[in-house]
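# Descriptive structure summary
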Amino acid sequence: MVPSPKTILGGGLSGLSAAYYLSKLAGKEKLALIEASNHLGGWIKSEKVDKEVVFEQGPRTIRPVGAAGINTLNLLDDLGLNSEVVPITRDNVAAKNRLIYVNGELHTLPNSILSLLSKQKPFSKPLALHLMQDLTAKSIKVPDESLYDFTKRRFGPEIADYLIDAMLCGICAGNSREVSVNFLMKKLFMYEQKYGSITKGVFKHLLDKKEKLPNRGLLAAQAKLGKWNVYTFKGGMETLPIALEGALKYFGNTQIHLNMKCEKITFNNDKCLLDLHDGSQQDSSHIISSIAAKNLAYLIANQHPDLANKLAKIKMVDVAVINLFYNGNLIKNPGFGFLVPPKEKLPILGVIYDSCCHNYQNKTVLTVMMGGYWFKDLFGDDPSEETLFNIARDNLNKILNISDEPVQYKVNILRQCIPQYLVGHQQNLEEINKYIKDKKLPLSLCGASYNGVGVNDVILSAKNAVENIYL
Ligand SMILES: Cc1cc2nc3c(=O)[nH]c(=O)nc-3n(C[C@H](O)[C@H](O)[C@H](O)COP(=O)(O)OP(=O)(O)OC[C@H]3O[C@@H](n4cnc5c(N)ncnc54)[C@H](O)[C@@H]3O)c2cc1C
Ligand SMILES: C=Cc1c2[nH]c(c1C)Cc1[nH]c(c(CCC(=O)O)c1C)Cc1[nH]c(c(C)c1CCC(=O)O)Cc1[nH]c(c(C)c1C=C)C2
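Criteria and thresholds
- Residues numbered from 1 in each chain as written.
- Chains lettered and ligands numbered in written order.
- Predicted model: local features only at pLDDT ≥ 70, side-chain atom pairs only at ≥ 80, totals over all residues.
- Heavy atoms only, no water.
- Near = heavy atom within 4 Å.
- Polar contact = N/O pair within 3.5 Å; in protein donor to acceptor, adjacent residues only side chain to side chain.
- Helix = DSSP H or I, 4+ residues; strand = E, 2+ residues; numbered from the N terminus.
- Areas by Shrake-Rupley, 256 points an atom, 1.4 Å probe, with all protein chains shown as cover.
- Nonpolar A, V, L, I, M, F, W, Y, C, P; charged D, E, K, R; others polar.
- Core = buried A, V, L, I, M, F, W, Y, C linked by side-chain atoms within 4.5 Å.
- Buried < 20%, exposed > 50% of the residue type's maximum accessible area, 1.4 Å probe, protein only.
- Contact = heavy atoms within 4.5 Å.
- UniProt positions renumbered as here; feature names shortened; annotations may be inferred.
- 1 Å grid on protein atoms, 1.4 Å probe; cavity = no way out; pocket = protein on both sides within 12 Å on 5 of 7 lines; lining within 4 Å.
- Points joined across faces, edges and corners; volume = space filled by probe spheres on them.
- Patch = residues over 30% accessible without salt bridge, like charges linked within 9 Å, V, L, I, M, F, W, Y side chains within 5 Å.
- Salt bridge = Lys/Arg side-chain N within 4 Å of Asp/Glu carboxyl O.
- Arc of directions from axis to C-beta.

Ser14, Glu35, Thr61, Val453 and Val455 are the nearest of the 29 residues found near ligand 1. Side-chain polar atom of serine 14 to an oxygen atom of ligand 1: 2.7 Å apart, as the coordinates give it. Taking arginine 60, its main chain carries an N or O atom lying 3.3 Å from an oxygen atom of ligand 1. At 3 residues, the largest contribution of residues to the shell around ligand 1 is made by strand E18 (residues 408–419).

Shown next, in the form of structure tokens:
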């Protein structure tokens, strides 16, 4: 009898990465990858609109640091993508200039020791003094807390309102009053809980061994030596899923099924059965689910309602992405882009200056992101593309003083695209993993819903999920 294949559910970046790592470990074992849409890469979509200009719908830059950052660079080495990478080094304006729009003005966020020590708008005193509030702030014992409450308690309201609120918009389009402190500041929160202040924790841990990092391949070594801040790809981010798909085809042991939504999963002893959109069924010895937790919840709800309830707690938000391309250099103060803290009550979350990262000559390419946690309140259930475009253009015209019309633009509404790690996320994750372990379900989880929403995180989550099967 032919053994049932291991199945990867979802063909986004995490599903493709899981298939890649699994292919390398599985030897001759057959694998299946099931993807609901006709496209591999999930939210990663790059559309070429002229000779050099690319409209990115999803991610556009990757960080090269930490274990997860090195892991991605090593994967790029393996895939032979070295010559496709475009580094943005720490001395590049796109790395140094990150802006926020507050009180009708754009302000550069502090990017050097000197700028931490001097008073800079919109802050009422030097940032260093805000940070020093931690020394005298009263500590409280709590199991988890919102990012907003934590930063307001430790550093004061200006840091929470301008810096943290804006940063959270620029990473998960979320509300810092609901997102867990562990999402961005796990270590700092642990220091406060253990030692009474972040500063004390930092000093106590100064001599700690550094995080164990994987060996650096060629690209990771170049990134360190060359002081890369972030990087992207010449032909756009889709270069990565395309290369992963190519590698899977080369290995030849993964059958990729596109347009094949999974509608139900039934676990039976140590086997699983997937009901597919076309009425067929797929037997599987193990499922690696890379789809959003709330989508997985729906598939298992009948048989495992308790697990489904826990998975469904991991909420997602909608983001409208408006790419615009203009002739000429329209950005007076180049940089990475700007974020708008929610306190400003504007209908946009932020704008990325894509042309600054790619060094396009005499062209301006911008991406406006809108909605997130506030999508429905701002735009209702089903805003038209025209409405969203007009809002994006009017805000750009006002904030960047642009009077030209774009040569081209594109509006996409990314429904349920970014997970929100709400207060209690960590505990919920532990309960999810315990349930799967206790019931001995042949199920592994990876993707943006669990241990980090960035490109690096989802690739590493896939690698860990695969390696844990073979432990
Ligand atoms: C607007 C935006 C900007 C971003 N910017 C950055 C950035 O600059 N840097 C960075 O590091 N990260 C960024 N990210 C995050 C990063 O892009 C994502 O976290 C990552 O791409 C998620 O990959 P994934 O595979 O986990 O999920 P997805 O991309 O959601 O893939 C899941 C796949 O599963 C499929 N699927 C779902 N249900 C089923 C089913 N029932 N049956 C079969 N298939 C199914 C879907 O069709 C999809 O293809 C951004 C994300 C967004 C949305
Ligand atoms: C306004 C909406 C969004 C912008 N980017 C994202 C959203 C939802 C998504 C996103 N951006 C980054 C990540 C990865 C985080 C990681 O763990 O690596 C994700 C999921 C990268 C990022 N972008 C900004 C920051 C501060 C970061 C964190 C890492 C880094 O330092 O590079 C800034 C930023 N994001 C957006 C804008 C307009 C912006 C402006 C300064 C858009």
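That shown, we press on.
With that settled, the discussion passes to the site of ligand 2. If you check the shell around ligand 2, you find 20 residues, and the closest are Arg63, Arg98, Cys169, Gly170 and Ile171. At a separation of 2.7 Å, an oxygen atom of ligand 2 approaches a polar side-chain atom of arginine 98. In this structure, glycine 170 approaches ligand 2 through a main-chain N or O atom, which is 3.0 Å from a nitrogen atom. When ligand 2 sits alone it has 780 Å² of accessible area, and the protein chains cover 83% of it. Those elements that place two or more of their residues in the shell around ligand 2 are helix H7 (157–172), strand E15 (337–339) and strand E16 (350–353). Looking at the shell around ligand 2 residue by residue, the class counts come to 13 nonpolar, 4 polar and 3 charged.

Core analysis: the biggest nonpolar cluster contains 41 residues, and Leu76, Leu79, Phe233 and Leu240 have the highest contact counts within it. Put simply, the parts of the chain that give this core at least two residues each are helix H1 (13–26), strand E2 (31–34), helix H2 (66–79), helix H10 (218–225), strand E8 (228–233), helix H11 (239–251) and helix H18 (455–469). Counting residues per element, this core draws most heavily on H1, which supplies 8 residues. If sequence neighbours within four positions are ignored, phenylalanine 233 has contacts with Ile62, Leu76, Leu81, Glu84, Val85, Val86, Thr239, Leu240 and His358.

Let's shift gears to the UniProt feature "domain: Amine oxidase" (unreviewed entry) in the protein chain. The sites that UniProt annotates as "domain: Amine oxidase" (unreviewed entry) are residues 13–469. The span residues 13–469 is 39% helix and 22% strand, and its two end C-alpha atoms sit 19 Å from each other.

Attention shifts here to empty space enclosed by the protein. Any space left empty among the atoms is revealed by the rolling of a water-sized probe across them. Using the criterion set out here, one finds 1 cavity of 30 Å³ or more in the structure. There is about 90 Å³ of room inside the largest cavity. Lining the largest cavity we find Val54, Glu56, Arg60, Thr61, Thr232, Ile352, Asp354, Cys357, His358 and Tyr360. Within the residue set of the lining of the largest cavity, elements represented by two or more residues are strand E4 (54–56) and helix H14 (354–358). Of the residues forming the lining of the largest cavity, the biggest block, 3 residues, is contributed by H14. Classifying every residue of the lining of the largest cavity gives 4 nonpolar, 3 polar and 3 charged.

Together, Val202, Phe203, Leu206 and Leu207 give the surface a local cluster of nonpolar side chains, amounting to about 480 Å² of exposed area. Mapped onto the elements of the fold, valine 202 is located in helix H9 (residues 198–204).

Turning our eyes to something else, we now look at helix H13 (residues 305–312). Listed as buried for H13 are Leu307, Ala308, Lys310 and Leu311. Considered in projection along H13, the buried side chains sweep an arc of 165° and stay on one side of the axis. Those residues of H13 that are buried are in contact with helix H12 (293–300), helix H17 (425–438) and strand E19 (443–445).

Attention now moves to the pattern of salt bridges. Counted according to the given criterion, the structure contains 22 salt bridges. Residue aspartate 78 is joined to lysine 24 by a salt bridge in which the shortest nitrogen-to-oxygen separation is 3.6 Å. Here aspartate 78, found in helix H2, pairs with lysine 24, found in helix H1; they are 54 residues apart in sequence, far enough to count as distant. For lysine 24, a relative accessible area of 47% gives the class partly exposed. Salt-bridge contacts for lysine 434 lead to aspartate 438; the nearest nitrogen and oxygen are separated by 2.6 Å. In this pair, lysine 434 and aspartate 438 both sit in helix H17, 4 residues apart, roughly one turn of the helix. Connected through salt bridges with shared partners, the residues Asp134, Glu145, Arg153, Arg154 and Glu192 form a single ionic network.

Within the fold, histidine 205 resides in the loop between H9 and H10. Polar side-chain contacts of histidine 205 include one of 2.3 Å to the side chain of aspartate 208. Beyond its immediate stretch of four places on either side in the chain, histidine 205 contacts Tyr191 and Tyr195.

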